[in-house]
Amino acid sequence: MKKRGFLLLILGVALLLIYLPILILAVYSFTDATSIGFSGSFSLQNYITLFTTPELSDMIWGTVILAFAVAAISTLLGTCGAIGAFYSRKRAQALISVVNQVPVVNADVVTGFSVCILLVAVFGMSKDTFFPLVAGQVTLCAPFVFLSVLPKLSQMDPSIYEAALDLGASPAYALRKVVIPQIMPGILSGFAMAITLSLDDYFVATYTKPATFDTISTYVVNATRGSQTSIKTALWALSTIIFLIVLLIAVIGNVSKKGERKAGEED
Amino acid sequence: MKYRFSRKQLAIPYALFLLVFVAAPLVVIVYYALTGSDGTPTADNFIRFFSDPNTLGTLLYSLILALVTTCVCLLIAYPVAYALAFSRLKASSVLVMLFIMPMWINFTLRLTALKEILTLIEGNLAFHPFLNSVIGMTYDFLPFMILPIYNQLERLDKSLLEAAKDLGAGDAQSFIKVTLPLSMPGVVSGIAMVFLPAMTNYVVLDMLYNSTYIMGSLIGSYFAAYDWHGGSMISLILLALICIFTLLTKSDEGQKTRGGSLV
């Protein structure tokens, strides 16, 4: 019993250390204080600044649209790649898996630099086309989709697909109606991973983005190198909003998981 | 002949994609690293790197920073992962979620929060650059260490611990002889997940006002100077380190945790 109390203490302290900075920042985002530790009165000015400054709202929407575009392309490429590789000869599958592993284990800084050097230095492409940025982030994300879909394919019962063919379905039709629904959880979690990676990415973006475009990461890093106080504190509001969205997603995910488990028990 | 669809063909677009955006850039990096600015083959880039005390100092500083960060992460993450796996709480899935959630929040915003707190405590961040960088990196990378260790401990066959107890082992002995060895694969993937980013993620240093260079910052500064040869040379050195690391650890457990996956 004593041991269990000690374990709970460890968890409590760790969670406190992880969340304290975010929570303190969240509290201060609702005040007019310009630094943590100074007293201030309640104010929504940071949130107003966040949503009414074009520079800030452009940057936020740009990041979100980019993340969804990158995740969609990565999911399509990675899923098709995983299905194709799974049904290819072992040697071809092994080769694809090895190359797929490179961006996964590589440092992001090297991935970003290498895509940039190929597209910009060798092919002379302009970063303003957004092509290097999207291609770079897809290079970062698609391998994770591939890794998330592949195990679902091997868990699948191959006889269902064969049964569909025997019953007269074309291979393409059977793929759509039999294979895809069974690997859907892998596709969805791959999509979610791609969104997270793109939203969090700094290094690929900084080497491949157009000069006039900023993602949240590149914007925040530039903002810490000296910017107006109103922008600095507006970013506290952004951090708070993102924290609340993530919390909401986690709660929904947890509730729906519990619902699934209950439904499973009733069967 | 009529076109026939086969599932194998779906691999073609992805294989081409990997060829162009993963394999080709590596070839380009090797080419640039081994040529001078006039295009002639040379090893000068590497000779310059390994004979300049400044760049060697950067390599050493990155290694020390990564080593300290990895140790601190391990010292915090192991007890946390252990507590998560063995506290037998009803809400343990919620708790695991709470430890993963930070990965979904943009890391630059999390560092902003940390920076504000550290500024409040220390007054001026410039006084403790190394300490701040270790704290920043630990704050950033901790979930990557917790998750693989937790996954490994969670899978551990609890009957082995009962057997050890029945055979007369005390708590400490059964931990050292059973739990610790069986959790090693998780520890190794955790180390692989933390060490490399700690050598290259120079944004943590930048944001916490540590102006010392690490390996990642060198790529950044070569890039800013349009020195493709220098940047490629550093990339190649890092790639070599990654290869050694991957061969040593030979585990793919940790990588999935990077996207914040729960699987």
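Residues numbered from 1 in each chain as written. Chains lettered and ligands numbered in written order. Predicted model: local features only at pLDDT ≥ 70, side-chain atom pairs only at ≥ 80, totals over all residues. Heavy atoms only, no water.

1. Comments concerning the overall build of chain A
Along the backbone of chain A there are 11 helices and 0 strands. Going from the N terminus to the C terminus, chain A shows its helices and strands as α-α-α-α-α-α-α-α-α-α-α. Computed over its C-alpha atoms, the radius of gyration of chain A comes to 23 Å, more than 25% above the 18 Å expected for a compact globule of 267 residues. Principal-axis analysis of the C-alpha atoms places the extent of chain A at approximately 75 × 65 × 35 Å. Burial status across chain A gives 49% buried among its 267 residues. For chain A, the proportion of contacts with a sequence separation of at least 24, taken over those separated by at least 6, is 70%. (Helix = DSSP H or I, 4+ residues; strand = E, 2+ residues; numbered from the N terminus. Rg over C-alpha atoms; globule rule 2.2 N^0.38 Å. Buried < 20%, exposed > 50% of the residue type's maximum accessible area, 1.4 Å probe, protein only. Contact = heavy atoms within 4.5 Å.)

2. What about the overall build of chain B?
Of the regular secondary structure elements, chain B holds 11 helices and 0 strands. In sequence order, chain B lays out its α and β elements as α-α-α-α-α-α-α-α-α-α-α. On the principal axes, the C-alpha backbone points of chain B span a range of 75 × 70 × 35 Å. Burial status across chain B gives 52% buried among its 263 residues. The contacts of chain B with a sequence gap of at least 6 include a subset with a gap of at least 24, amounting to 73%. Summed over all atoms, the accessible surface of chain B reaches about 12,100 Å², with 69% contributed by carbon and sulfur. Each charge class in chain B was averaged separately, 16 positive and 15 negative side chains, and the resulting centres sit 15 Å apart. (Areas by Shrake-Rupley, 256 points an atom, 1.4 Å probe, with all protein chains shown as cover. Lys, Arg positive; Asp, Glu negative; His and termini not counted. Charge placed at Lys NZ, Arg CZ, Asp CG, Glu CD.)

3. What to know about the interface of chain B and chain A
Contact residues are listed per partner, giving 82 residues for chain B and 90 residues for chain A. Where chain B abuts chain A, roughly 7,700 Å² becomes buried across the two surfaces, and 75% of that area is made up of carbon and sulfur atoms. In this structure, the connection of chain B to chain A is made through 1 salt bridge. Per-element accounting of the side of chain B that touches chain A gives the leading share, 15 residues, to helix α1 (residues 11-33) of chain B. In terms of residue class, the side of chain B that touches chain A is made up of 55 nonpolar, 16 polar and 11 charged. (Buried area = accessible area lost by both parts, 1.4 Å probe. Salt bridge = Lys/Arg side-chain N within 4 Å of Asp/Glu carboxyl O. Nonpolar A, V, L, I, M, F, W, Y, C, P; charged D, E, K, R; others polar.)

4. A few points about unusual backbone geometry
Although it is not a glycine, F130(A) sits at a positive phi angle of roughly 70 degrees. The topology assignment puts F130(A) in the loop between α5 (108-122) and α6 (131-155). We note that Y209(B) has phi near 55 degrees; this positive angle belongs to a residue other than glycine. Inspection of the secondary structure assignment puts Y209(B) in the loop between α9 (202-207) and α10 (215-224). Assessed through its relative accessible area of 44%, Y209(B) is described here as partly exposed.

5. Things to note about empty space enclosed by the protein
Regions of empty space are outlined by a rolling probe, equal in size to a water molecule, passed over the atoms. The full count for this structure, using the stated rule, is 3 cavities of 30 Å³ or more. Together, V102(A), P103(A), N106(A), V110(A), T111(A), S114(A), T139(A), F21(B), V22(B) and L26(B) line the second largest cavity. Counting residues per element, the ones that place at least two in the lining of the second largest cavity are α4 (90-105) and α5 of chain A together with α1 of chain B. In terms of residue class, the lining of the second largest cavity is built from 6 nonpolar, 4 polar and no charged. (1 Å grid on protein atoms, 1.4 Å probe; cavity = no way out; pocket = protein on both sides within 12 Å on 5 of 7 lines; lining within 4 Å. Points joined across faces, edges and corners; volume = space filled by probe spheres on them.)

6. A closer look at the nonpolar core
Formed by 159 residues in total, the largest nonpolar core has its most connected members in L153(A), L238(A), L84(B), F99(B), L153(B), M215(B) and I234(B). Not counting residues within four places of it along the chain, the set of residues in contact with L153(B) comprises Y78(B), A81(B), Y82(B), A85(B), F86(B), K158(B), T179(B) and S183(B). Grouped together as the second largest cluster of nonpolar side chains are 6 residues, L25(A), A33(A), W236(A) and A113(B) included. (Core = buried A, V, L, I, M, F, W, Y, C linked by side-chain atoms within 4.5 Å.)

7. With respect to helix α11 (residues 228-249) of chain B
The terminal C-alpha atoms of α11(B), which comprises 22 residues, lie 31 Å apart, in line with the 32 Å expected from a rise of 1.5 Å per residue. Regarding α11(B), its N-cap is D227(B), as a side-chain oxygen of that residue lies 3.2 Å from the backbone nitrogen of H229(B) further along. (Expected span 1.5 Å × (residues − 1). Polar contact = N/O pair within 3.5 Å; in protein donor to acceptor, adjacent residues only side chain to side chain.)

8. A look at the packing of α5(A) against α6(A)
Each pair of packed helices gets described by two things: the angle between the helix axes and the distance between those axes. Residue and element names in this part refer to chain A. The N-to-C vectors of α5 and α6 enclose an angle of 140 degrees; their axes lie 10 Å apart at closest approach. When the axes of α5 and α6 are compared, the pair comes out oblique. Taken as a pair, α5 and α6 cross one another with a handedness that is right-handed. Where α5 abuts α6, its residues D108, T111, V115 and L119 lie against F131, P132, A135, G136, T139 and L140. Counted by class, the contact of α5 with α6 contains 6 nonpolar, 3 polar and 1 charged residues. (Axes fitted to C-alpha atoms, helices over the stretch in contact; angles between N-to-C directions. Parallel < 35°, antiparallel > 145°, perpendicular 65-115°, else oblique. Left-handed = near helix turned anticlockwise from the far one by under 90°.)

9. Notes on the pattern of salt bridges
This model, assessed by the stated rule, comprises 3 salt bridges over all chains. Put simply, D214(A) and K209(A) hold a salt bridge, and the shortest N to O gap is 3.7 Å. By relative accessible area, which is 12% here, K209(A) ends up buried. Between D140(B) and R110(B) there is a salt bridge whose closest N-O contact spans 3.3 Å. Of the two residues, D140(B) sits in helix α6 (residues 129-155) while R110(B) sits in helix α5 (residues 107-122), which places them 30 residues apart along the sequence. No difference in accessibility class separates D140(B) from R110(B), as the two residues are buried.

10. A look at the packing of aromatic side chains
Aromatic rings in a pair are described by how distant their centres are and how their planes are angled relative to each other. Scanning the model with the defined rule gives 24 aromatic pairs over all chains in all. Consider the rings of Y207(A) and F223(B), whose centres lie 4.5 Å apart with planes at 85 degrees: the pair is edge-to-face. With Y207(A) in helix α9 (residues 203-208) and F223(B) in helix α10, the pair connects residues from two separate chains. An aromatic cluster is defined as three or more aromatic residues linked by ring pairs; in this entry it consists of F131(A), F146(A), Y14(B), F17(B) and F21(B). Here the basic side chain of R7(B) rests over the ring of Y161(A), its NZ or CZ set 3.6 Å away from the ring centre. (Phe/Tyr/Trp six-rings, centres within 6.5 Å; stacked < 30°, edge-to-face > 60°. Lys NZ or Arg CZ within 6 Å of the ring centre and 35° of its normal.)

11. Observations concerning the side chain of T179(B)
Residues and elements named next belong to chain B. With respect to the element layout, T179 can be found in helix α8 (residues 171-200). With relative accessibility at 2%, the residue T179 sits in the buried group. With residues up to four places along the chain from it excluded, the contact list for T179 reads Y78, Y82, F86, L153, L156, L161 and S174.

12. A word on the layout of surface pockets
By volume, the second largest pocket is sized at about 790 Å³. Every residue lining the second largest pocket is counted, 24 residues in all, and those nearest its centre are K3(A), Y82(B), F86(B), L161(B) and D171(B). Taken together, the elements giving at least two residues each to the lining of the second largest pocket come down to α1 (2-29) of chain A together with α3 (53-86), α7 (158-166) and α8 of chain B. For the lining of the second largest pocket, a count of residues per class yields 13 nonpolar, 4 polar and 7 charged.

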